[in-house]
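Coordinate analysis (summary)
The residues making up each chain are set out below.
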Amino acid sequence: MTTIEDNLQAQRQRVALACQTAGRDVTAVTLLAVSKTFGADAVAEAVAVGQRAFGENYIQEGVDKILALRASHPGVALEWHCIGPIQSNKTRLVAEHFDWVQSVDRLKIAQRLNEQRPEGLPPLQVCLQVNVDGGSNKSGVTPAELPALAAAVAELPRLTLRGLMCIPEPEPGFEAQRALFMRCKAVFDDLQRQMGSGVDTLSMGMSDDLDAAVAAGATMVRVGRGVFGTRPPKG
Ligand SMILES: *Cc1c(COP(=O)(O)O)cnc(C)c1O
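Here's what I pulled together on the structure shown here. Keep in mind the model is a prediction, meaning the values are calculated, not measured.

**Details of the overall build of the protein**
Each helix and strand counted, the protein has nine helices and eight strands in total. Computed over its C-alpha atoms, the radius of gyration of the protein comes to 17 Å, within 12% of the 18 Å expected for a compact globule of 235 residues. Along the first, second and third principal axes, the C-alpha atoms of the protein reach 50 × 45 × 35 Å. Burial analysis of the protein (235 residues in total) assigns 48% to the buried set. Of all intrachain contacts in the protein linking residues separated by at least 6 positions in sequence, the fraction that spans at least 24 positions is 63%. Total accessible area on the protein stands at roughly 10,800 Å², and carbon and sulfur atoms take up 53% of it. Computing the positive centroid from 24 side-chain charges and the negative centroid from 26, the protein places the two 3 Å apart.

Laid out in structure tokens, this is it:
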């Protein structure tokens, strides 16, 4: 059985190799450790070996861990990313506790986050979730809807628009995966042309396909099982 430390080391090497293969700088890609379903003790193990950025899908579970780590690791600045679906009644928890949110796909949610972001905190860093392949039961705006949503979000003073999160359907094989991720990259390039260089984050790629995502231009990969191991089935 490998430890979280070994896993993290292996995933960092994997990202580095993917960058090298693609002719990209290793520092161009951030590894987000997705700690959903794992406890604060698992997060603490990753923190002990230098991991600072964590992703959570389930908001209340994420907030519990944020508070636990703040108490157990005072003075260690962690960066918490909300990457799961957000219902209206959960926006306040996100606005008050997370540093980033990557799963915004409706203006109404963005407006609530903007209103509820406390004055004492820096603006909430936002990626819009985009659905490039039309996966029917999946969240995300279509590429056609994206420019209007991005322009509206950019007007909200307590949010900072940083980029996109994409979760394309799993495809068998590197080339098929890369082709889908290239479509995300094209949408991202359009967004950057529209909004300027403050848009710098393309979050795509998970444990099974991060190599293809890095090849296509991801700047952030979100790795759960590769770091923390197999998740218990959600009951
Ligand atoms: C669970 C999850 C991940 C991590 O997935 P793994 O396959 O465990 O690496 C990344 N992004 C999102 C949005 C997720 O829900």
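**A word on the state of the cysteines**
Taken as a whole and assessed by the stated rule, the structure comprises zero disulfides. Between Cys184, a cysteine without a disulfide, and Cys166, which holds the nearest cysteine sulfur, the sulfur-to-sulfur distance is 3.4 Å.

**Here's the deal with the pairing of strand S6 (residues 159-166)**
Of all eight residues in S6, seven are buried; the element is thus mostly enclosed. Inspection of the sheet shows strand S5 (residues 124-130) paired to S6 by seven bridges, in the parallel sense. Across the sheet, the residue bridging to Gln129 is Met165, located in S6. Regarding the hand of the β-α-β motif, the stretch spanning S6, helix H7 (residues 174-195) and strand S7 (residues 201-203) is right-handed.

**Some words on the packing of helix H2 (residues 40-48) against helix H3 (residues 59-72)**
To describe two helices that pack against each other, one gives the angle between their axes and the distance between the axes. Two numbers describe how H2 lies on H3: the axes approach to 10 Å, and their chain directions differ by 55 degrees. Comparing the axis directions of H2 and H3 gives the class oblique. Crossing geometry of H2 relative to H3 is assigned as right-handed. The segment H2 lies against H3, with Ala40, Val43, Ala44 and Val47 engaging Lys65, Ala68 and Leu69.

**Thoughts on the pairing of strand S8 (residues 220-223)**
Both faces of S8 are covered, namely the face carrying Met220 and Arg222 and the face carrying Val221 and Val223. Bridging between strand S1 (residues 30-34) and S8 involves four bridges; their strand directions are parallel. Among the inter-strand pairings, Leu31 is bridged to a residue of S8, identified as Val221.

**Comments concerning the pattern of salt bridges**
In this structure the tally under the stated criterion is ten salt bridges. As a salt-bridge pair, Lys65 and Glu61 come within 2.7 Å of each other at their nearest N and O atoms. Of the two residues, Lys65 and Glu61 both sit in helix H3, four residues apart, roughly one turn of that helix. In this structure Lys65 comes out as buried when scored by relative accessible area, which is 5%.

**Concerning the site of the ligand**
Inspection of the region around the ligand gives Val34, Lys36, Asn57, Ile83, Ile167, Met206, Ser207, Arg222, Val223, Gly224, Arg225 and Arg231 as its neighbouring residues. In this structure, an oxygen atom belonging to the ligand sits 2.5 Å away from a side-chain N or O atom of Ser207. Measuring from an oxygen atom of the ligand, one finds a side-chain N or O atom of Arg231 at 2.7 Å. In the complex, 91% of the free accessible area of the ligand, which totals 390 Å², lies under the protein chains. In this structure, the ligand is accommodated by the largest pocket. Partitioning the shell around the ligand into residue classes produces five nonpolar, three polar and four charged.

**Re the packing of aromatic side chains**
Summed over all chains, the structure comprises two aromatic pairs. Measuring from ring centre to ring centre gives 5.4 Å for Phe38 and Phe228, while their planes differ by 25 degrees; the resulting arrangement is stacked. Residue Phe38 is located in the loop between S1 and H2, and its partner Phe228 is located in helix H9 (residues 225-228); the two are separated by 190 residues in the primary sequence. Each of the two residues, Phe38 as well as Phe228, counts as buried.

About the criteria used
- Residues numbered from 1 in each chain as written.
- Predicted model: local features only at pLDDT ≥ 70, side-chain atom pairs only at ≥ 80, totals over all residues.
- Heavy atoms only, no water.
- Helix = DSSP H or I, 4+ residues; strand = E, 2+ residues; numbered from the N terminus.
- Rg over C-alpha atoms; globule rule 2.2 N^0.38 Å.
- Buried < 20%, exposed > 50% of the residue type's maximum accessible area, 1.4 Å probe, protein only.
- Contact = heavy atoms within 4.5 Å.
- Areas by Shrake-Rupley, 256 points an atom, 1.4 Å probe, with all protein chains shown as cover.
- Lys, Arg positive; Asp, Glu negative; His and termini not counted.
- Charge placed at Lys NZ, Arg CZ, Asp CG, Glu CD.
- Disulfide = S-S within 2.5 Å.
- Pairing = 2+ DSSP bridges.
- Right-handed = clockwise from strand over helix to strand, strands pointing away.
- Axes fitted to C-alpha atoms, helices over the stretch in contact; angles between N-to-C directions.
- Parallel < 35°, antiparallel > 145°, perpendicular 65-115°, else oblique.
- Left-handed = near helix turned anticlockwise from the far one by under 90°.
- Salt bridge = Lys/Arg side-chain N within 4 Å of Asp/Glu carboxyl O.
- Near = heavy atom within 4 Å.
- Polar contact = N/O pair within 3.5 Å; in protein donor to acceptor, adjacent residues only side chain to side chain.
- 1 Å grid on protein atoms, 1.4 Å probe; cavity = no way out; pocket = protein on both sides within 12 Å on 5 of 7 lines; lining within 4 Å.
- Sits in = over half its atoms within 2 Å of the grid points.
- Nonpolar A, V, L, I, M, F, W, Y, C, P; charged D, E, K, R; others polar.
- Phe/Tyr/Trp six-rings, centres within 6.5 Å; stacked < 30°, edge-to-face > 60°.

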